[in-house]
Amino acid sequence: MKIQEADAKSLLVDQGLPVPAWEVARTPAEARTAAERFLAAGADRVVVKAQVLVGGRGKAGGVKLAGSADEAERVAREILALTIKDLPVRKVLVAAAADIVKEFYLGAILDRASRRIVVMASSEGGVEIEEVARVDPGAIHRVEAHPLLGLPDWQARGLAFAIGLGGVHLRAFVSIAHGLVATMVADDADLVEVNPLAIVREPDGNGGAAEHLVCLDAKITLDDSALPRHPELEALRDLDSEDPADAEARAQGISFIRLDGSIGCMVNGAGLAMTTMDLVKRAGGEPANFLDIGGGARADKVAAAMRLILADPKVRAILVNIFGGITRGDEVARGLVEARSVQDRDVPMVVRIVGTNAEEAGRLLTEARFETAASLDQAAAKAVAAARAVEA
Ligand code: GDP
Ligand code: MN
């Protein structure tokens, strides 16, 4: 689950990380009031930032500076009217504009290959890290945290030196790196990213200026499977920004992950769903999704799964593979017949149902003129052929 920058920043603050104060505004007027407060407190300018669950807001016009309350209201109105990468902006973050000296990248991810938290840093901050990885992979430095001991100081210092932060900011960097790992662990996150981590110049109160290291942006992805352990984090889910298919799948209790291929898959059981995807690939096709309708699914759930699959315009054929144990084959067949009667897009479908009430299912499907298959290999081959026929 992705959460908004403002919420991610709160989680960083909970772990003691240095994040400049911010406010969230839903209207231009609220942004104005927030800006007035920051300006009155001594800020020269404020920054207004779109709260959407995608990166690259800066480039898309979603991050703007304003020198007065009037201007803050105006840029907030512009930003609130934006749609960034298909997501409408409904909130903005307002903060005192930082006087940036240099930007860095610092991120922690759960690396499934090494089964550890990996901390990554780069002196190429402010740009999307995927871009750095493509153009100059050597500019990204990584260290692994130990599962029990965490990130040893010497490794964090090594990262700091590697990105040119060995001087006065060394201790701050080490503490921030620890904070990222602490956030990963405390919140069961998959990703905690601060980009930019920035050296900023601030008045020191004696007419001079001092430089500090602060987290100017924050992106956190939480592990969905761990959310039941954090009911308070579930409240951070941004329903407005969620893919409607993901929301429906969750409401229906269906495990659904969209993929890039053209063969929609409806299966009961996670293992069988994975096997089905493998067989689709072996038959020369590409699955459009992973979908597990779960055990004991009734007709209405089958119909919901069908809606999810058909909502993806890339789907050219559907493969239904049900092994009836607790799930009754005839229930699934009824769901399929019902779903097809209301669907507005005619997509070829191949159905394989075995196990409980398979005969009854077969009869219903034949009556409704569904394409059936005796074996899973045959079902996969038929589905791939049907998709090719549509594409041709
Ligand atoms: P992103 O583009 O979605 O990652 O949004 P960011 O919060 O990272 O902002 C993008 C860029 O805007 C940063 O890399 C900075 O260069 C700039 N920026 C963000 N906040 C400030 C600020 O307070 N002051 C200044 N001067 N620039 C900022
Ligand atoms: Mn950023």
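Residues numbered from 1 in each chain as written. Chains lettered and ligands numbered in written order. Predicted model: local features only at pLDDT ≥ 70, side-chain atom pairs only at ≥ 80, totals over all residues. Heavy atoms only, no water.

Here we come to the coordination of the manganese ion (ligand 2). For the manganese ion (ligand 2), every protein donor is listed as Asn195 (O) and Asp217 (OD), and the spread of their distances is 2.1 to 2.2 Å. Remark: Asp217 occurs in the loop between strand S12 (209-215) and strand S13 (219-222) and Asn195 occurs in strand S11 (residues 189-203); sequence separation between them is 22 residues. A residue is classified by how much of its surface remains accessible, and Asn195, at 10% relative accessible area, is buried. (Donors = N, O, S within 2.8 Å, 3.2 Å for Na, K, Ca; no water. Helix = DSSP H or I, 4+ residues; strand = E, 2+ residues; numbered from the N terminus. Buried < 20%, exposed > 50% of the residue type's maximum accessible area, 1.4 Å probe, protein only.)

Ordered by their spatial adjacency, 4 strands build an open sheet running S2-S7-S3-S4, and the pairing between neighbours is antiparallel. Every other strand in the sheet has two partners, leaving strand S2 (22-25) and strand S4 (63-66) as the edge strands with one partner each. Averaged over all adjacent pairs, the angle separating strand axes in this sheet is 25°, with direction ignored. Across 5 bridges, strand S3 (residues 46-50) lies against strand S7 (residues 92-96) in antiparallel orientation. Paired with Ala50 across the strands is Val92, a residue of S7. Helix-sheet contacts for helix H1 (residues 5-14) involve S2, S3 and S7, and the interaxial angle to S2 is about 150°. (Pairing = 2+ DSSP bridges. Axes fitted to C-alpha atoms, helices over the stretch in contact; angles between N-to-C directions. Contact = heavy atoms within 4.5 Å.)

What follows deals with a positive patch on the surface. A surface patch of like charges, here positive, comprises Lys2, Lys59, Lys85 and Lys219. Within the secondary structure, Lys2 is located in strand S1 (residues 2-3). (Patch = residues over 30% accessible without salt bridge, like charges linked within 9 Å, V, L, I, M, F, W, Y side chains within 5 Å. Areas by Shrake-Rupley, 256 points an atom, 1.4 Å probe, with all protein chains shown as cover. Salt bridge = Lys/Arg side-chain N within 4 Å of Asp/Glu carboxyl O. Lys, Arg positive; Asp, Glu negative; His and termini not counted. Charge placed at Lys NZ, Arg CZ, Asp CG, Glu CD.)

Moving on to the side chain of Ser122. Of note, Ser122 is situated in strand S9 (residues 116-122). Overall, the relative accessible area of 0% leaves Ser122 in the buried class. At 2.9 Å, the side chain of Ser122 and the backbone oxygen of Ala139 are in polar contact. If sequence neighbours within four positions are ignored, Ser122 has contacts with Phe104, Tyr105, Ile129, Val132, Ala139, Ile140 and Ile163. (Polar contact = N/O pair within 3.5 Å; in protein donor to acceptor, adjacent residues only side chain to side chain.)

Take the pattern of salt bridges next. Under the definition given, this model contains 28 salt bridges. In this structure, Asp70 and Arg32 form a salt bridge, with 2.8 Å as the shortest nitrogen-oxygen distance. In this pair, Asp70 sits in helix H3 (residues 69-80) while Arg32 sits in helix H2 (residues 28-40), placing the two residues 38 residues apart along the sequence. Lys91 is paired through a salt bridge with Asp238; the nearest N and O atoms lie 3.7 Å apart. Note that Lys91 is positioned in the loop between strand S6 (87-88) and S7 and Asp238 in the loop between helix H7 (231-234) and helix H8 (244-252), a separation of 147 residues in sequence.

To continue, consider H3. Helix length check: H3, at 12 residues, gives a terminal C-alpha distance of 16 Å against a target of 16 Å (1.5 Å per residue), a fit within 8%. Within the span of H3, buried status applies to Ala69, Ala72, Glu73, Val75, Ala76, Ile79 and Leu80. Against H2, S3, S4 and S7 lie the buried residues of H3. (Expected span 1.5 Å × (residues − 1).)

For the rest of this paragraph, the subject is the packing of aromatic side chains. Overall, the coordinates contain 0 aromatic pairs when judged by the stated rule. In this structure, Lys102 packs its charged tip against the face of Phe104, placed 4.9 Å from the ring centre. Residue placement shows Arg340 over the ring face of Phe370; its charged tip is 4.0 Å from the ring centre. (Phe/Tyr/Trp six-rings, centres within 6.5 Å; stacked < 30°, edge-to-face > 60°. Lys NZ or Arg CZ within 6 Å of the ring centre and 35° of its normal.)

Attention shifts here to unusual backbone geometry. Here the amide bond leading from Asn195 into Pro196 is cis, since omega sits at 15°, within 30 degrees of zero. On the secondary structure map, Pro196 appears in strand S11. Backbone geometry at Asp86 places phi at a positive 75°, although glycine is not the residue there. Position of Asp86 among the secondary structure elements: in the loop between strand S5 (83-84) and S6. Although it is not a glycine, Asp188 sits at a positive phi angle of roughly 50°.

The next thing to look at is the domain arrangement of the chain. Entries for the chain in the domain assignment read domain 1 (1-20 + 99-241), domain 2 (21-97) and domain 3 (244-391). Averaged C-alpha coordinates put domain 1 and domain 2 at centres separated by 22 Å. Contact residues are listed per partner, giving 17 residues for domain 1 and 17 residues for domain 2. Buried area between domain 1 and domain 2, summed over both chains or domains, comes out near 1400 Å², and the portion from carbon and sulfur atoms is 48%. In terms of surface lost to domain 2, no three residues of domain 1 exceed Gln4, Glu5 and Pro20, which account for 32% of the buried area on that side. (Domains from an automatic or database assignment. Buried area = accessible area lost by both parts, 1.4 Å probe.)

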